[in-house]
Amino acid sequence: AQTVTQSQPEMSVQEAETVTLSCTYDTSESDYYLFWYKQPPSRQMILVIRQEAYKQQNATENRFSVNFQKAAKSFSLKISDSQLGDAAMYFCAYSRPRASGTYKYIFGTGTRLKVLA
Amino acid sequence: NAGVTQTPKFQVLKTGQSMTLQCAQDMNHEYMSWYRQDPGMGLRLIHYSVGAGITDQGEVPNGYNVSRSTTEDFPLRLLSAAPSQTSVYFCASSYLSAGLETQYFGPGTRLLVL
């Protein structure tokens, strides 16, 4: 069975500094996708970044980038130039295709990021 | 577009009561899902639907029923609420494009069962 592990329940970063959130996963599948979602206090789940497993190049979205190590089954999120608005719970998620055509998602337990002014 | 909407935002129930959590999307997405979020745990899939009239169980389906009579609506029913169903419930809709699914979440419903 697939699993997603986030070993850091909480992280802190100084404003304007860089922070890396860790995520590891376990799967025997070759076709899958990985995501980072942000959940601010409003509880809205917001997609931050996604990575297709077949792509070797790490995904980047503005200040957010990932370090995807497929052999190590590691998918970390780097936030550069941290801003107060980045404070939130961050969830790592894995998805793979189902026979029905949609995708099965598995979420990690989350990392709470605090940004210090 | 309103995206994915959920009602109510917050609900208190007594053990044994029934209720329906509403979810609607106006993006014409085929796929819809219900998740629950509990402290210290990630989102867990309750039920999902791949189109009108088609539903299937997720990871934690016991105690919940769903139906999908239209593309837009995907209500979640609790037939006899239990304290273990105290949680935050998220509805999501998604579509496939170039083999990649993009999932959109609603704002969540916080449910407290006493």
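Bear in mind the structure is a predicted one, so any value in this text is a computation, not a measurement.

### Describing the overall build of chain B
When helices and strands are tallied, chain B shows zero helices and eleven strands. What you see in chain B, going N to C, is helices and strands ordered as β-β-β-β-β-β-β-β-β-β-β. For 114 residues, the compact-globule formula gives about 13 Å, and the C-alpha radius of gyration of chain B, at 14 Å, lands near that figure. With the principal axes as the frame, chain B shows a C-alpha extent of 45 × 30 × 25 Å. For chain B, with 114 residues in total, the buried portion stands at 47%. Accessible surface computed for chain B: about 5,100 Å², of which carbon and sulfur atoms make up 51%. Separation between the mean location of the 7 positive side-chain charges and that of the 8 negative ones in chain B comes to 14 Å.

### Some details on the side chain of Ser76 of chain A
All names here are of chain A. Here Ser76 shows up in strand E9 (residues 74-79). You can call Ser76 buried: its relative accessible area is 12%. When sequence neighbours within four positions are dropped, the list of residues in contact with Ser76 reads Thr20, Leu21, Ser22, Cys23, Trp36, Ser65, Val66 and Asn67.

### Here's the deal with the interface of chain A and chain B
Facing 20 residues of chain A, the contacting portion of chain B comprises 24 residues. Taken together, the two surfaces of chain A and chain B that pack against each other cover about 1,900 Å², and 52% of this comes from carbon and sulfur. Between chain A and chain B we count three residue pairs in polar contact (both at pLDDT 80 or more) in total. Of all the secondary structure elements, the ones that give two or more residues to the side of chain A that touches chain B are strand E5 (33-39), strand E6 (46-52) and strand E11 (103-107) of chain A. At four residues, E5 of chain A tops the list of elements feeding residues into the side of chain A that touches chain B.

### Focus: unusual backbone geometry
Keep in mind that most residues, glycine aside, have a negative phi and that most peptide bonds are trans. With an omega dihedral of -5 degrees, the bond running from Thr7 of chain B to Pro8 of chain B counts as a cis peptide bond. With respect to the element layout, Pro8 of chain B can be found in the loop between strand E1 (4-7) and strand E2 (10-13). Unlike most non-glycine residues, Lys73 of chain A shows phi in positive territory, near 55 degrees.

### Describing empty space enclosed by the protein
Once rolled over the atoms, a probe with the size of a water molecule shows which space is left empty. All chains considered together, the criterion is met by one cavity of 30 Å³ or more. A volume near 50 Å³ is recorded for the largest cavity. Taken together, 14 residues make up the lining of the largest cavity; nearest its centre are Arg98, Thr102 and Tyr103 of chain A together with Ser33 and Glu101 of chain B. The leading source of residues in the lining of the largest cavity is strand E4 (residues 31-37) of chain B, at four residues. Per-class residue counts for the lining of the largest cavity are seven nonpolar, five polar and two charged.

### Examining the environment of Asn67 of chain A
All names here are of chain A. Structurally, Asn67 is set in strand E8 (residues 64-69). Each C-alpha atom of the pair Asn67 and Gln51 lies 9.8 Å from the other, and the pair is 16 residues apart in sequence. Discounting residues that sit within four places of it in the chain, Asn67 has contacts with Asn58, Ser74, Phe75 and Ser76.

What counts as what
- Residues numbered from 1 in each chain as written.
- Chains lettered and ligands numbered in written order.
- Predicted model: local features only at pLDDT ≥ 70, side-chain atom pairs only at ≥ 80, totals over all residues.
- Heavy atoms only, no water.
- Helix = DSSP H or I, 4+ residues; strand = E, 2+ residues; numbered from the N terminus.
- Rg over C-alpha atoms; globule rule 2.2 N^0.38 Å.
- Buried < 20%, exposed > 50% of the residue type's maximum accessible area, 1.4 Å probe, protein only.
- Areas by Shrake-Rupley, 256 points an atom, 1.4 Å probe, with all protein chains shown as cover.
- Lys, Arg positive; Asp, Glu negative; His and termini not counted.
- Charge placed at Lys NZ, Arg CZ, Asp CG, Glu CD.
- Contact = heavy atoms within 4.5 Å.
- Buried area = accessible area lost by both parts, 1.4 Å probe.
- Polar contact = N/O pair within 3.5 Å; in protein donor to acceptor, adjacent residues only side chain to side chain.
- 1 Å grid on protein atoms, 1.4 Å probe; cavity = no way out; pocket = protein on both sides within 12 Å on 5 of 7 lines; lining within 4 Å.
- Points joined across faces, edges and corners; volume = space filled by probe spheres on them.
- Nonpolar A, V, L, I, M, F, W, Y, C, P; charged D, E, K, R; others polar.

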